[in-house]
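# Residue-level structural notes
In case you want the letters, here they are:
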Amino acid sequence: MGQVADEVDVVVIGMGPGGEDVAARLGRAGLSVVGVESRLVGGECPYYACIPTKIMVRAADALAEARRVPELAGSSTVRPDWAPVAARIRDEATTGWNDEIAVRRFESTGGRLVRGVGRITAPGEVTVGEQVLRARRAIVLNPGSEPAIPPIQGLAGTPLWTNREAVSIEEVPESLVVLGGGPVGLEFAQVFARFGSEVTVIEAQSQLLRLAEPEAAEVITDRLLAEGVRVRVGSAVQRVSHDGRFQIFTEGEQFEADHLLVATGRRTDLGALGVAAVGLDDAARTISVDGRMRATDGVWAIGDVTGHGAYTHTSVYQSRIAAADILGEQVTPADYRAMPSVTFTDPEVATVGLTETQAVAELDRVRTAISRMPESSRGFIHKVGNEGLVKLVADGDRGVLVGATAVGPFGGEIIGALAVAVHAEVPIARLSDMIFAYPTFHRAIEPALDELAAT
Ligand SMILES: Cc1cc2nc3c(=O)[nH]c(=O)nc-3n(C[C@H](O)[C@H](O)[C@H](O)COP(=O)(O)OP(=O)(O)OC[C@H]3O[C@@H](n4cnc5c(N)ncnc54)[C@H](O)[C@@H]3O)c2cc1C
Ligand SMILES: NC(=O)c1ccc[n+]([C@@H]2O[C@H](COP(=O)([O-])OP(=O)(O)OC[C@H]3O[C@@H](n4cnc5c(N)ncnc54)[C@H](O)[C@@H]3O)[C@@H](O)[C@H]2O)c1
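Here is what the cut-offs are and how they apply
- Residues numbered from 1 in each chain as written.
- Chains lettered and ligands numbered in written order.
- Predicted model: local features only at pLDDT ≥ 70, side-chain atom pairs only at ≥ 80, totals over all residues.
- Heavy atoms only, no water.
- UniProt positions renumbered as here; feature names shortened; annotations may be inferred.
- Phe/Tyr/Trp six-rings, centres within 6.5 Å; stacked < 30°, edge-to-face > 60°.
- Helix = DSSP H or I, 4+ residues; strand = E, 2+ residues; numbered from the N terminus.
- Buried < 20%, exposed > 50% of the residue type's maximum accessible area, 1.4 Å probe, protein only.
- Contact = heavy atoms within 4.5 Å.
- Pairing = 2+ DSSP bridges.
- Axes fitted to C-alpha atoms, helices over the stretch in contact; angles between N-to-C directions.
- Near = heavy atom within 4 Å.
- Polar contact = N/O pair within 3.5 Å; in protein donor to acceptor, adjacent residues only side chain to side chain.
- Nonpolar A, V, L, I, M, F, W, Y, C, P; charged D, E, K, R; others polar.
- Areas by Shrake-Rupley, 256 points an atom, 1.4 Å probe, with all protein chains shown as cover.
- Expected span 1.5 Å × (residues − 1).
- Salt bridge = Lys/Arg side-chain N within 4 Å of Asp/Glu carboxyl O.

- Named according to an unreviewed UniProt entry, the chain is NAD(P)/FAD-dependent oxidoreductase originating from Saccharopolyspora aridisoli.
- Per UniProt, the chain has the following entry under Sequence similarities (unreviewed entry): "Belongs to the class-I pyridine nucleotide-disulfide oxidoreductase family."

Written out as structure tokens, the structure reads:
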């Protein structure tokens, strides 16, 4: 006798932020939904990524501000203690890496959770261990991504850290090498340095935050150097060894540290997900989706696996579209032109849309302008810690912004105004008429607009 299939309307494989959201929306709309999750409902973001790292950043920023007191307001003595940070992450944010609350939240929408690794075994069919699920209406794929470990000689088998170990430590390492100068690497590097670790960042590309505007990378590099972080760019690690401590060998240099944090990007495994069973390329890194998140007949995909920006806001944006499409509602196709991102270093590095390099590759006439945060009134008032800039990228033919970068205190908040401008294609002439409250950080947008208007 063959296995009797469990028939439902929708099976969601992977309950990351997008998977949880799409499952809840469809459940609330009256569909029968099974969510399949092999680890924790909620995915990477609440347990190992966004939330714990931002708790760490908040604490590290508090230390940095206290250290700035002598330049502004008297004297201060700062004695970092990791215990409150570890306790907040463990007890307040992740309840000991336990997803009971998230499971209850999902079940309250009418959904049913199946624990285990889900795999597509035929069109409309998902197998989890011995259990076979038939999806009448949709399979939604939200498997997220895993830390990618580069094939460096000697690295495999060492007790390296990825973001998952780094958010669950109880004590700050005395010394740390961070491999990779992307958002993950830099957020951790600055946090641990501010808590007293001796930190080295090794980045293979020629600048930190390789995808960011070079002017932004320069600001954050200078800040890290000023805080005592050792930074190596354009540096390839050739070999690693571990004998209780790590030795990291690059061309011409050797570094030694108690711990090694690998933050060299993310990987997916479409083979393990069984996508070939529905005709998709299982050797690919990402699943191509159309504007409605459809990957193929009866299959939708959302989140990191789609390759449209590994951010929680991407995953949840896509989940809304996928849910509406599955419910047969009118859908505005996905539009990523105004995709924002924020790296929560201090200063924050926030971007929206295209960088100058990307715009030049796509458009006939590109204009850019930069205003420096320390030259603004608020930058002057803020004084220590005021590094930053606003860079605008405009389509010279259409007279609209196609991209922007805001680096500075609250750079992630400043970018909000610029995201509206890029999203709604507000004419630059119209933006120039705006009133910017005095003396705010976002007022640094105005001189850059003036410069664009004058060219
Ligand atoms: C250190 C760090 C900090 C970050 N900070 C931010 C930030 O500040 N802001 C931001 O927007 N983004 C941030 N991100 C990115 C963010 O975490 C992800 O983009 C986000 O989690 C969305 O991912 P997702 O929905 O694709 O799935 P994920 O969160 O990766 O979840 C996917 C889930 O699917 C499960 N799964 C996978 N395969 C299967 C299977 N076959 N069967 C069953 N279950 C499966 C996994 O166990 C996992 O729980 C950060 C990432 C890292 C690493
Ligand atoms: N605040 C946020 O929104 C936030 C924070 C963290 C991560 N994320 C997302 O998570 C994803 C993963 O972040 P990430 O920083 O791990 O990846 P990333 O790809 O952005 O950066 C990884 C860096 O490692 C470098 N690298 C790769 N191999 C190397 C090697 N062998 N030696 C030295 N350097 C090497 C790359 O050149 C790259 O600069 C990103 O897509 C990011 O957008 C977002």
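## Quick notes on the packing of aromatic side chains
- Evaluation of the coordinates by the stated rule reveals 6 aromatic pairs.
- Between Trp 82 and Phe 192, the ring centres sit 5.6 Å apart and the planes meet at 40 degrees, which makes this aromatic pair tilted. Here Phe 192 lies in helix 8 (residues 183-194) and Trp 82 lies in the loop between helix 4 (69-72) and helix 5 (83-93), a separation of 110 residues in the sequence. Note on accessibility: Trp 82 and Phe 192 belong to one class, buried.
- Arranged with centres 6.2 Å apart and planes meeting at 75 degrees, the rings of Tyr 317 and Tyr 336 form a pair that is edge-to-face.

## Topic: the side chain of Thr 250
- Its location among the elements puts Thr 250 in strand 12 (residues 246-250).
- Residue classification places Thr 250 among the buried positions, given a relative accessible area of 5%.
- Apart from the residues within four sequence positions on either side, Thr 250 is in contact with Ile 202, Ser 235, Ala 236, Val 237, Gln 238 and Phe 255.

## Quick notes on the sheet that holds strand 14 (residues 259-262)
- Strands sit in the order 10-9-8-14 across an open sheet of 4 strands; the sheet is parallel. Strands with a single pairing partner mark the edges of an open sheet, and in this sheet they are strand 10 (230-233) and strand 14. Each adjacent strand pair in this sheet contributes to an overall mean axis angle of 15 degrees, direction not counted.
- The sheet contact formed by strand 9 (residues 198-203) and strand 10 spans 4 bridges and is parallel. Bridge assignment links Glu 203 to a residue of strand 10, and that residue is Val 233.
- Helix 8 contacts strand 8 (175-179), strand 9 and strand 14 of the sheet and is inclined by roughly 165 degrees relative to strand 9.

## A word on the environment of Val 420
- Within the fold, Val 420 resides in helix 14 (residues 411-424).
- With a relative accessible area of 52%, Val 420 lands in the exposed category.
- Along the backbone, Val 420 and Ala 86 are 334 residues apart, and their C-alpha atoms lie at a distance of 36 Å.
- Excluding residues within four positions of it along the chain, Val 420 makes contact with Glu 425 and Val 426.

## Let's talk about the site of ligand 1
- Around ligand 1 there are 37 residues in total, and Glu 37, Lys 54, Gly 118, Asp 304 and Ser 315 lie nearest to it.
- Here an oxygen atom of ligand 1 and a side-chain polar atom of Asn 142 are 3.0 Å apart.
- Put simply, the parts of the chain that give the shell around ligand 1 at least two residues each are helix 1 (17-28), strand 2 (33-37), helix 2 (44-48), helix 3 (50-67) and helix 11 (312-326).
- Looking at side-chain class alone, the shell around ligand 1 contains 15 nonpolar, 16 polar and 6 charged residues.

## Observations regarding the site of ligand 2
- As a matter of local geometry, ligand 2 sits amid 24 residues, with Val 184, Glu 187, Glu 203, Arg 210 and Val 342 nearest to it.
- Within the contact set of ligand 2, a nitrogen atom lies 2.5 Å away from a backbone nitrogen or oxygen of Val 342.
- Contact with the protein chains covers 80% of the free accessible surface of ligand 2, which is 840 Å².
- Mapped by element, the contributors of at least two residues to the shell around ligand 2 are helix 8, strand 9 and strand 18 (340-343).

## Some words on the sheet that holds strand 11 (residues 237-242)
- Pairing is antiparallel across the open sheet formed by 3 strands, whose spatial order is 11-12-13. A single partner strand is all that each edge strand has here, and the edge strands are strand 11 and strand 13 (253-257). Taken over all neighbouring pairs, the strand axes of this sheet differ in orientation by 15 degrees on average, direction set aside.
- Where strand 11 lies against strand 12, 5 bridges are found, and the strand directions are antiparallel. Residue pairing across strands places Arg 239 opposite Phe 249, the latter belonging to strand 12.

## Some thoughts on the pairing of strand 20 (residues 366-372)
- Along strand 20, the buried face is formed by Arg 367, Ala 369 and Ser 371; none of Val 366, Thr 368, Ile 370 and Arg 372, which line the opposite face, is buried.
- Two strands pair when backbone bridges link them, and strand 20 and strand 21 (residues 389-395) are joined in this way by 7 bridges, in the antiparallel orientation. From the neighbouring strand, Ser 371 faces strand 21, where its bridge partner is Val 390.

## A few points about the UniProt feature "domain: FAD/NAD(P)-binding" (unreviewed entry) in the chain
- UniProt tags residues 9-316 as "domain: FAD/NAD(P)-binding" (unreviewed entry).
- The span residues 9-316 shows a helical share of 31% and a strand share of 26%, and its end C-alpha atoms are spaced 21 Å apart.

## What about the environment of Ser 175?
- Of note, Ser 175 is situated in strand 8.
- Ignoring sequence-local partners within four residues, the contact set of Ser 175 consists of Glu 198, Arg 245, Glu 256, Ala 257, Asp 258 and His 259.
- A polar contact of 3.2 Å, which involves the side chain of Ser 175, links it to the side chain of Arg 245.
- A polar atom in the side chain of Ser 175 sits 2.9 Å from the backbone nitrogen of Asp 258.

## Points about helix 14
- Taking 1.5 Å per residue as the helical rise, helix 14 with its 14 residues ought to reach 20 Å, and the 20 Å between its terminal C-alpha atoms agrees with that figure.
- Those residues of helix 14 that fall on the buried side of the exposure criterion are Gly 411, Gly 412, Ile 414, Ile 415, Leu 418, Ala 419, Ala 421 and Val 422.
- Close packing links the buried residues of helix 14 with strand 18, strand 19 (348-353), strand 21, strand 22 (400-408), helix 15 (428-432) and helix 16 (445-454).
- A positive backbone phi angle near 50 degrees is found at Glu 425, which sits one or two residues after helix 14.

## Comments concerning the pattern of salt bridges
- Counted by the stated rule, this structure contains 37 salt bridges.
- As a salt-bridge pair, Glu 125 and Arg 134 come within 3.8 Å of each other at their nearest N and O atoms.
- A relative accessible area of 31% means that Arg 134 is categorised as partly exposed.
- Lys 391 serves as the salt-bridge partner of Glu 213, at 2.9 Å between the closest nitrogen and oxygen. Taken as a pair, Glu 213 in the loop between strand 9 and helix 9 (214-226) and Lys 391 in strand 21 lie far apart in primary sequence, 178 residues in all. This pair shows no difference in class: Glu 213 is buried, exactly as Lys 391 is.
- Each of Asp 61, Glu 65, Arg 68, Arg 194, Arg 223, Glu 227, Asp 346 and Glu 387 takes part in salt bridges that share partners, so that together they form one network.

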